Amino acid sequence: MHRLKIISGHLSPSGSSDYRRDLWRSECGSGSGSGPAGSSGPDDVVVVHGRRTAIGRAKRGSFKDTTPDELLSAAMTAVLTDVGLSPNLLGDVCVGNVLQPGAGALMARVAHFLSGFPETVPVYTVNRQCSSGLQALFNIAGAIRSKSIDLGLACGVESMSLRSIGNPGDLSSRLVDNDKARDCIIPMGITSESVAGEAAGLRYGPVRPEIVPVTTRRLSKLRPAFKPDGSTTAGNSSQVSDRAAAVLIGRRSAVEAMGLPVLGVLRASAVVGVPPDVMGIGPAYAILQLWNKRLRCWFNYFLFKDDSCPES
Amino acid sequence: MIKENRWNIPPNAPACMEKHLCSAQYRADGTLLLGASSLTGRSWQGSVWIYSDPEQAPNEGFCKAGVQTEAGVTDVKWVSEKGVVVASDSGALELWELAEDERLLVNRFTKQEHDHIVTTVSPITGASSAVTGSMDCRIKVWDLSQETVVTTYSVHTQPVRCVACSPTDESLFISCGQDGRVLMWDRRKPNKPATRIDVEAPSCSPTTVAWHPHHRSTIAFGDELGRVTVKDFLGTEPTQVENIHSRRVNALAYSSHSAPLLAAVSDDCSLAVMNSELREILRDRRHQDFVKGVSWLHGGSNTLTTVGWDHLVLHHSVGSAAGAPNSSS
């Protein structure tokens, strides 16, 4: 509750004379029973399980020589092994990635096979820059909601040791004449300084996910699960890192039929565009949009990252 | 003034040492200097530790002194009896000094002059200067008493992996970088200070370099493939090359014997000690992860210490220099 008060305080203009934040608790309906924010039903999109690798420091850390397909394979295998699910039951796999060519389309398929997934399970990749991993989650959720699939794996991976933000691609020479277009190629460090100048003052608490150890030889003992409680908005300062994560989500009816646990429910998502020169403030506006969707119940936000950026 | 504490724990030593040990060096009196970093996890920090009894390392409770640094540590070196230079992930060179009966490490300066991780630091004999190399491809020569950079050399085209100052001549140092070049630098030459030292084919990027303690023109360097090359750059002796390791050589160290032995540690998790013909006289595979640092005890000792990412500090003993391999326990 205290955290909610702080977050909601950030979203209202400071110093407003009328400032009185009444927070009330209402049933979100992620358990049984109905409440104003929605009831639980068999078509809910639920999170089953999630695992991630440790976060290695780019160029110096434990994963500096590890290719991203190995990192991704470790995370994917861990998730399925933990719940005892056979990979052929996955309807789709979506991987968020930024730096690999084609957002890692080939790399993801290789990781797929390294994990022993059958060729009948499809995979695709998505790139929404820092929120690629989160976008993968909502892509799979969308496919579940539209009944294309029952169960899917959403992943994210990045190796900033092996690839850097280098070639921006083939861009028109008209880019320099267009202010907003030109702002798009501002390096992240500079945009973050612009963000620091913003009045936002959002503070982020730590995520407490659990770690998959990745060894160069063989993936061995796997640690316990991803916890739904205690999550919050983004992470700490932007670091250059190598890591991977995978989350298994599905339709509640299918998940329960397979006897899999339900960790949490996806209630809503929001995505916004913001000025490119302060792109780091994205989460602030996206959260505001969610808030305005009247999702002011006792909820947990899940945000996970597949690469260096802590933003959603 | 340090308050006496019952357990004799240094006052500002961190409670816990980071896992990845990156660097180790003995002082002449046998005091061991360690550098540690955390390279996985949510925050990446480093720490510097001093052990008067190296057998106690890496036990935090038994250190002589210890301090948390603001970022990961790549390399630590003694610069005088009481000074320690630290190459930092933040791009800084830090100078720390032992105070209060050597139980406290005090920061003299932290200067962020490099634009990327500082990978290596080497003090110049004479103790008032040091040379650093960085992933920003530059080499900087520092005046430690003035706390400034004296010269910056931008010759390497890729990250500098190692710099080593000559133990005998204070104007000379060697650098090696990912661009495959091993360069011999002479600071007295303002126009063309660097001379290229040829590397035997197949050329692959050199990772570490060490000066022979007695022969002024002999150096040893290791590379990405695990080879160790001993070369006399004045050309009188033939070059010796051996495939010592199966992965990158991380560090080389000559012993203090009159006919020095050469120790090489590698990402293949092993230590190899070779004699002057580059024949292996000791191989130790107890490390469970990359071995990153090696240092011999001074005074002609047969003891050397290796440190690695497995957080182990292992002490090894070689038999007589020309003798058969002695498996250390």
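Residues numbered from 1 in each chain as written. Chains lettered and ligands numbered in written order. Predicted model: local features only at pLDDT ≥ 70, side-chain atom pairs only at ≥ 80, totals over all residues. Heavy atoms only, no water.

An unreviewed UniProt entry lists chain B under the name Methylosome protein WDR77, with Lates japonicus given as the organism. Its UniProt record gives chain B a comment under Subcellular location (unreviewed entry), which states: "Cytoplasm". (UniProt positions renumbered as here; feature names shortened; annotations may be inferred.)

Chain A goes by acetyl-CoA C-acetyltransferase in an unreviewed UniProt entry, where it is assigned to Lates japonicus. Check the Pathway (unreviewed entry) section of the UniProt entry for chain A; it says "Lipid metabolism; peroxisomal fatty acid beta-oxidation." In UniProt, chain A has this text filed under Subcellular location (unreviewed entry): "Peroxisome".

A. Layout of the overall build of chain A. Looking only at helices and strands, one finds eight helices and eight strands in chain A. Every one of the 312 residues in chain A was classed for burial, and the buried ones make up 47%. In chain A, once contacts between residues fewer than 6 apart in sequence are set aside, the share between residues at least 24 apart is 79%. Put simply, chain A shows about 15400 Å² of open surface, and 52% of that area lies on carbon and sulfur atoms. (Helix = DSSP H or I, 4+ residues; strand = E, 2+ residues; numbered from the N terminus. Buried < 20%, exposed > 50% of the residue type's maximum accessible area, 1.4 Å probe, protein only. Contact = heavy atoms within 4.5 Å. Areas by Shrake-Rupley, 256 points an atom, 1.4 Å probe, with all protein chains shown as cover.)

B. Main features of the overall build of chain B. A tally of regular secondary structure across chain B gives zero helices and 27 strands. Expected size for 329 residues packed as a compact globule is a radius of gyration near 20 Å; at 19 Å, chain B falls within 12% of this value. Taken along the three principal axes of its C-alpha coordinates, chain B extends 60 × 50 × 35 Å. Burial analysis of chain B (329 residues in total) assigns 60% to the buried set. Considering only contacts within chain B whose residues lie at least 6 apart along the sequence, 44% involve residues at least 24 apart. For chain B, the distance from the average position of its 30 positive side-chain charges to the average position of its 38 negative side-chain charges is 2 Å. (Rg over C-alpha atoms; globule rule 2.2 N^0.38 Å. Lys, Arg positive; Asp, Glu negative; His and termini not counted. Charge placed at Lys NZ, Arg CZ, Asp CG, Glu CD.)

C. Geometry of the nonpolar core. Residue and element names in this part refer to chain A. Leu72, Met76, Leu90, Val93, Leu153 and Leu248 are the most contacted members of the largest nonpolar core, which has 30 residues in total. Contributing elements (two or more residues each) for this core: β1 (45-53), α2 (68-83), β3 (92-96), α3 (105-114), β5 (151-159) and β7 (241-251). Looking at which element gives the most residues to this core, the answer is α2, with seven residues. Other than its neighbours up to four places away in sequence, valine 93 contacts Met76, His112, Phe117, Val121, Pro122, Val123, Tyr124, Ile140, Leu153 and Cys155. Residues Cys94, Val126, Ile144 and Leu266 belong to the second largest nonpolar core, which totals 16 residues. (Core = buried A, V, L, I, M, F, W, Y, C linked by side-chain atoms within 4.5 Å.)

D. Quick look at the interface of chain A and chain B. On the chain B side, the residues contacting the 19 residues of chain A number 21 residues. Our count for the chain A to chain B interface comes out at three salt bridges. Among the ionic pairs, A:Arg60 bridges to B:Asp89, the shortest N-O distance being 2.5 Å. Seen at the junction of chain A and chain B, the total is seven residue pairs in polar contact (both at pLDDT 80 or more). Put simply, the parts of the chain that give the side of chain A that touches chain B at least two residues each are β2 (56-57) and β7 of chain A. (Salt bridge = Lys/Arg side-chain N within 4 Å of Asp/Glu carboxyl O. Polar contact = N/O pair within 3.5 Å; in protein donor to acceptor, adjacent residues only side chain to side chain.)

E. A look at the sheet that holds strand β9 (residues 118-123) of chain B. Residues and elements named next belong to chain B. Spatial strand order, β9-β10-β11-β12: four strands in an open sheet with antiparallel pairing. With one partner strand each, in any of the chains shown, β9 and β12 (148-153) form the two edges of the open sheet. Pairs of neighbouring strands in the sheet enclose a mean axial angle of 25 degrees, with direction left out of account. (Pairing = 2+ DSSP bridges. Axes fitted to C-alpha atoms, helices over the stretch in contact; angles between N-to-C directions.)

F. Seen up close, the side chain of A:His49. One can find A:His49 in strand β1. For A:His49, the side chain forms a polar contact with the side chain of A:Asp82, separated by 2.7 Å.

G. Quick peek at the packing of aromatic side chains. All names here are of chain B. Counted under the stated rule, the structure contains six aromatic pairs over all chains. Where tyrosine 153 meets phenylalanine 173, the ring centres are 6.3 Å apart and the plane angle is 45 degrees; that geometry is what we call tilted. A residue pair is termed long-range when its members are at least 10 positions apart, and tyrosine 153 in strand β12 and phenylalanine 173 in strand β14 (residues 172-177) qualify at 20 residues. Comparing tyrosine 153 with phenylalanine 173 shows no difference in burial state: the two are buried. An angle of 85 degrees between the planes, with centres 5.9 Å apart, marks the rings of tryptophan 211 and phenylalanine 233 as edge-to-face. Placement of the pair is tryptophan 211 in strand β17 (residues 206-211) and phenylalanine 233 in the loop between β19 (227-232) and β20 (240-243), with a sequence separation of 22 residues. Through successive ring pairs, a cluster of aromatic residues spans Tyr153, Phe173 and Trp185. Over the aromatic face of tryptophan 78 sits the side chain of arginine 27, whose NZ or CZ is 4.7 Å from the ring centroid. Taking the ring centre of phenylalanine 109 as reference, the NZ or CZ of lysine 111 above it sits at 5.7 Å. (Phe/Tyr/Trp six-rings, centres within 6.5 Å; stacked < 30°, edge-to-face > 60°. Lys NZ or Arg CZ within 6 Å of the ring centre and 35° of its normal.)

H. Molecular detail of helix α4 (residues 132-145) of chain A. Residue and element names in this part refer to chain A. Look at α4: 20 Å from first C-alpha to last across 14 residues, which is about the 20 Å you get at 1.5 Å a residue. With respect to burial, α4 is a largely interior element, 10 of its 14 residues being buried. Positive phi appears at lysine 147, one or two residues downstream of α4, with a value of about 65 degrees. (Expected span 1.5 Å × (residues − 1).)

I. Region of the structure containing the pattern of salt bridges. Taken as a whole and judged by the stated rule, the model has 30 salt bridges over all chains. A salt bridge links A:Asp150 to A:Arg251, with the nearest nitrogen and oxygen atoms 2.6 Å apart. Here the residue A:Asp150 occupies a position in the loop between α4 and β5, and A:Arg251 occupies one in strand β7, the gap between them amounting to 101 residues. By relative accessible area, A:Asp150 is classed as partly exposed at 39%. In this structure, B:Asp223 engages B:Arg227 in a salt bridge whose closest nitrogen and oxygen atoms are separated by 2.8 Å. Overall, B:Arg227 belongs to the buried group, its relative accessible area being 7%.

J. Here's a closer look at the UniProt feature "repeat: WD" (unreviewed entry) in chain B. Residue and element names in this part refer to chain B. In the numbering adopted here, UniProt assigns the feature "repeat: WD" (unreviewed entry) to residues 111-152 and 153-195. In residues 111-152, helix accounts for 0% and strand for 57%; the two terminal C-alpha atoms are 14 Å from one another. Secondary structure across residues 153-195 comprises 0% helix and 47% strand; the distance between its end C-alpha atoms is 13 Å.

K. Unusual backbone geometry, seen in detail. That bond from B:Ala57 to B:Pro58 is cis: its omega, 0 degrees, falls within 30 degrees of zero. Tracing the backbone through its elements, the reader meets B:Pro58 in the loop between β3 (46-51) and β4 (65-69). The phi torsion at A:Lys59 lies on the positive side, around 70 degrees, for a residue other than glycine. We classify A:Lys59 as partly exposed; its relative accessible area is 29%.

L. Highlighting the pairing of strand β7 (residues 92-99) of chain B. Residue and element names in this part refer to chain B. With six of eight residues buried, β7 is to be regarded as a mostly interior element. Two strands pair when backbone bridges link them, and strand β6 (residues 83-88) and β7 are joined in this way by five bridges, in the antiparallel orientation. Note on β7: the bridge partner recorded for valine 86 is glutamate 94. Connecting β6 to the next strand, β7, in antiparallel fashion are three residues, including glycine 91 with a positive phi near 95 degrees. Relative to strand β8 (residues 104-112), β7 runs antiparallel, the two being bridged by eight bridges. In the sheet register, glutamate 94 faces β8, and the bridge partner there is threonine 110. Following β7, the chain reverses through four residues before pairing antiparallel with β8; glutamate 100 in that reversal takes a positive phi of roughly 50 degrees.

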